[in-house]
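The residues making up each chain are set out below.
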Amino acid sequence: MPAPNFDVIVSLAKRRGFVFPSSEIYGGMAGFWDYGPLGVELKNNIKAAWWRHMVTLRDDVVGIDAAIIMNPRVWEASGHVAGFSDPMVDCRNCKLRFREDDLKGPPSEIACPSCGTRGSLTEARQFNLMFATHVGPVAEDASVAYLRPETAQAMFVQFDNVATSMRRKLPFGIAQIGRSFRNEITPGNFIFRLREFEQMEMEFFVHPRDEDEWFTRWVDERHRWWTDVLGIGAERLRLRPHDPDELSHYSRQTTDIEYQFPIGWSELEGIADRTDFDLRAHAAASGKRLEIFDDASGEHLVPFVIEPAMGVDRAVLTVLVDGYAEEQLATEKRVVLRIRPSLAPVKAAVLPLLRNRPELVERARRLTADLKPLVSAQYDDTASIGKLYRRQDEIGTPFCVTVDVESLDDGAATIRERDSMTQERVSMDLVPQRIADLVAGRTAWEGVPREAPAP
Ligand code: GAP
């Protein structure tokens, strides 16, 4: 099935509580979205999967959690105050602003893309993408500070503290997950381009001679994470090395991991070879030595940096788009979100077959309580069993557990698997551990096609 259009995903996301427009009752705000009850779970699961693979399972990477507002000198040294900008033109007639790169010709010759007026576009001016604010009670130039436009700089300015306190030797990395802010001129495509978003970045410090080797390793490693851990289809992912003229000011080589969205191939993550640009810039601006002793050569050196940097919101979008499927069953269509059980917001939904039988309801609620310490579980009796299955399919719940009249006699319940819709009959005492093992991939599913007609 081709990737669904964004409006299908936006509608599902809102209907099912994944993502809502920010401040919607006031008309929303471009570039800002809120995660709902299921969205926050999905997002947390993606962040946990990244942290586990980038930090917990490795010996050579440690994490930090830095302040969003940093000393403004950080952004002067990093080049963001002078250079983090897009060339923009304004329409004198309708007052809208456009990126010069998006125009189909020189501003002096073409009509405004919005109101169509000829000759109304100004010359291009640089527009800095950082959000500025004031720290302290007085709004004066001296108190200007910025909301960080990337998480990366904290890893550079804390390089020495981390290396010293954690007794690090090259090569090693510092990872961080956190919010970043950019006053994007053209936010849009749902949560693809936001003004407030989350990044997961890791700065990996290496001996300069090992720069190319580690760059290649991280490109491979990160591509594998998208396919093997997030479960994104490899046929919709590609690696795209940057042309020399599109490299950022700090980068010697960059490769993007891109996904084939309905809007075209688009960047999910960039792996950049930042050389020693940042550490040298901060050393020069702060007057501090940002070096490390290298045992092999017996010298102090400024390491090079390989940086895998990705956006959490783009990962959420990719998981939703890639997992979305519509299937024609015998009598109806079903929408199913085929996402990894480890990412699913709800792992198990417990459904009593008859909600007007108090013994069934009580038994199903008890089973839900037994599941909760092991996996995220939900009790639901607000519709017929067929509707409840469809609802859980649509939010990607891998297992539904049905408690029926027979359960009261034989103490067993039926587990139904989302993708195959096959079933297992399992003693209720064993259901929580069985589901926990299935979600963790410790055991294989052994379902059989159901006997009763499909609900
Ligand atoms: N430290 C390097 C850096 O920030 P970037 O390519 O500008 O590099 C890294 O950003 C990742 O952050 C991107 O690949 C993308 O996934 C995400 N990202 C960047 N700008 C974004 C935006 N406006 N909205 C959502 N995600 C964004």
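Structure: see above.
Residues numbered from 1 in each chain as written. Predicted model: local features only at pLDDT ≥ 70, side-chain atom pairs only at ≥ 80, totals over all residues. Heavy atoms only, no water.

Engineer: With reference to specific residues and values, describe the sheet that holds strand S5 (residues 97-99).
Structural biologist: A sheet is described by the order of its strands in space; here 3 strands give the open sequence S5-S4-S6, paired in antiparallel fashion. Because the sheet does not close on itself, it has two edges, and the strands there are S5 and strand S6 (125-128). Each neighbouring strand pair of the sheet contributes to a mean axis angle of 50°, computed without reference to strand direction. Looking at chain direction, strand S4 (residues 85-90) and S6 are connected through 4 bridges and run antiparallel. Each residue of the ladder has a partner; that of Pro 87, found in S6, is Gln 126. (Pairing = 2+ DSSP bridges. Helix = DSSP H or I, 4+ residues; strand = E, 2+ residues; numbered from the N terminus. Axes fitted to C-alpha atoms, helices over the stretch in contact; angles between N-to-C directions.)

Engineer: For the pairing of strand S10 (residues 196-206), give the residues involved together with the corresponding values.
Structural biologist: For S10, the tally of buried residues reaches 10 of 11 residues, placing the bulk of the element in the interior. Sheet topology note: the S10/strand S16 (residues 304-311) ladder contains 6 bridges and is antiparallel. The partner of Val 206 across the bridge, within S16, is Phe 304. (Buried < 20%, exposed > 50% of the residue type's maximum accessible area, 1.4 Å probe, protein only.)

Engineer: Requested: an account of helix H10 (residues 358-371), with residues and values cited.
Structural biologist: Because the α-helix completes a turn every 3.6 residues, residues three or four places apart line up on one side. Under the 1.5 Å per step criterion, the end-to-end length of H10 is 20 Å for 14 residues, consistent within 8% with the ideal 20 Å. Of all the positions in H10, only Leu 360, Val 361, Arg 363, Ala 364, Leu 367, Thr 368 and Leu 371 are classed as buried. Projected onto a plane normal to the axis of H10, the buried residues spread over an arc of 165° and lie on a single side. On its buried face, H10 sits against strand S19 (348-352), strand S20 (377-379), strand S21 (399-403), helix H12 (405-410) and helix H13 (431-439). (Expected span 1.5 Å × (residues − 1). Arc of directions from axis to C-beta. Contact = heavy atoms within 4.5 Å.)

Engineer: Before we move on, could you go through the side chain of Glu 211 and cite the residues and values that matter?
Structural biologist: Turning to its location among the elements, Glu 211 is positioned in helix H7 (residues 211-229). Within the structure, the side chain of Glu 211 is placed 3.1 Å from the side chain of Arg 252, a separation counted as a polar contact. When residues no more than four places from it in sequence are discounted, the contact partners of Glu 211 are Val 206, Arg 252, Asp 273, Thr 275, Phe 304 and Ile 306. (Polar contact = N/O pair within 3.5 Å; in protein donor to acceptor, adjacent residues only side chain to side chain.)

Engineer: Provide a residue-level description of the site of the ligand, including the pertinent values.
Structural biologist: Not every one of the 21 residues close to the ligand is listed here, only the nearest: Glu 150, Leu 194, Glu 201, Glu 267 and Leu 268. Within the side chain of Arg 182, one N or O atom sits 2.8 Å away from an oxygen atom of the ligand. For the ligand, whose unbound accessible area comes to 550 Å², protein coverage reaches 91%. Counting residues per element, the ones that place at least two in the shell around the ligand are S10, strand S13 (264-275) and S16. With 5 residues, the top contributor of residues to the shell around the ligand is S13. By residue class, the composition of the shell around the ligand is 8 nonpolar, 3 polar and 10 charged. (Near = heavy atom within 4 Å. Areas by Shrake-Rupley, 256 points an atom, 1.4 Å probe, with all protein chains shown as cover. Nonpolar A, V, L, I, M, F, W, Y, C, P; charged D, E, K, R; others polar.)

Engineer: Give me helix H1 (residues 6-15): which residues, what numbers.
Structural biologist: Within H1, the full set of buried residues consists of Phe 6, Ile 9, Leu 12 and Ala 13. The buried side chains of H1 occupy one side of the element, clustering within an arc of 125° when seen end-on. In this structure, the buried side of H1 is in contact with strand S1 (19-21), strand S12 (253-261), helix H9 (312-323), strand S17 (324-328), strand S18 (333-337) and helix H11 (385-394).

Engineer: Go over the sheet that holds strand S22 (residues 412-417) with me, naming the residues and quoting the values.
Structural biologist: One open sheet accounts for 5 strands, arranged S20-S19-S21-S22-S23; its pairing is mixed. Whereas interior strands pair on both sides, the edge strands pair on one side only; in this sheet they are S20 and strand S23 (423-427). Across this sheet, the average inter-strand angle for adjacent strands is 25°, counted without regard to direction. Note that S19 and S20 share 3 bridges and pair parallel. Looking at the pairing, Val 350 lines up with Tyr 379 of S20.

Engineer: An account of the environment of Cys 115 is needed here, citing residue identities and associated values.
Structural biologist: Looking at the element boundaries, Cys 115 is found in the loop between S5 and S6. With a relative accessible area of 34%, Cys 115 lands in the partly exposed category. For the pair Cys 115 and Lys 95, spaced 20 residues apart in sequence, the C-alpha separation works out to 9.6 Å. In contact with Cys 115, not counting residues within four places along its chain, are Cys 91, Asn 93 and Cys 94.

Engineer: Account for the environment of Arg 338, with residues named and values stated.
Structural biologist: Along the chain, the position of Arg 338 falls in the loop between S18 and S19. Given the relative accessible area of 36%, Arg 338 is considered partly exposed. Sequence-wise, Arg 338 and Cys 112 are 226 residues apart; in three dimensions their C-alpha atoms are separated by 43 Å. Once residues lying within four places of it in the same chain are set aside, the contact partners of Arg 338 are Gly 323, Ala 325, Glu 327, Arg 418 and Asp 419.

Engineer: Could you give an account of the packing of aromatic side chains, naming the residues involved and the relevant values?
Structural biologist: Two aromatic rings are characterised by how far apart their centres lie and by the angle between their planes. As enumerated under the stated definition, the model contains 14 aromatic pairs in all. Judged by centre distance (6.0 Å) and plane angle (20°), the rings of Phe 159 and Phe 172 are stacked. With Phe 159 in helix H6 (residues 159-165) and Phe 172 in strand S9 (residues 172-181), this pair connects stretches of sequence that are 13 residues apart. Across the pair, exposure class does not vary: Phe 159 and Phe 172 are buried alike. (Phe/Tyr/Trp six-rings, centres within 6.5 Å; stacked < 30°, edge-to-face > 60°.)

Engineer: Would you mind going over the side chain of Lys 347 in detail, with residue names and values included?
Structural biologist: For Lys 347, the location among the structural elements is in the loop between S18 and S19. Of the side chains bearing the opposite charge, Glu 41 lies closest to the buried Lys 347, which forms no salt bridge; the N-O distance is 7.4 Å. A distance of 2.9 Å separates a polar atom in the side chain of Lys 347 from the backbone oxygen of Pro 341. Residues in contact with Lys 347, not counting those within four places in the same chain, are Asn 45, Pro 341, Ser 342, Val 375, Ser 376, Thr 397, Pro 398, Phe 399 and Val 439. (Lys, Arg positive; Asp, Glu negative; His and termini not counted. Salt bridge = Lys/Arg side-chain N within 4 Å of Asp/Glu carboxyl O.)

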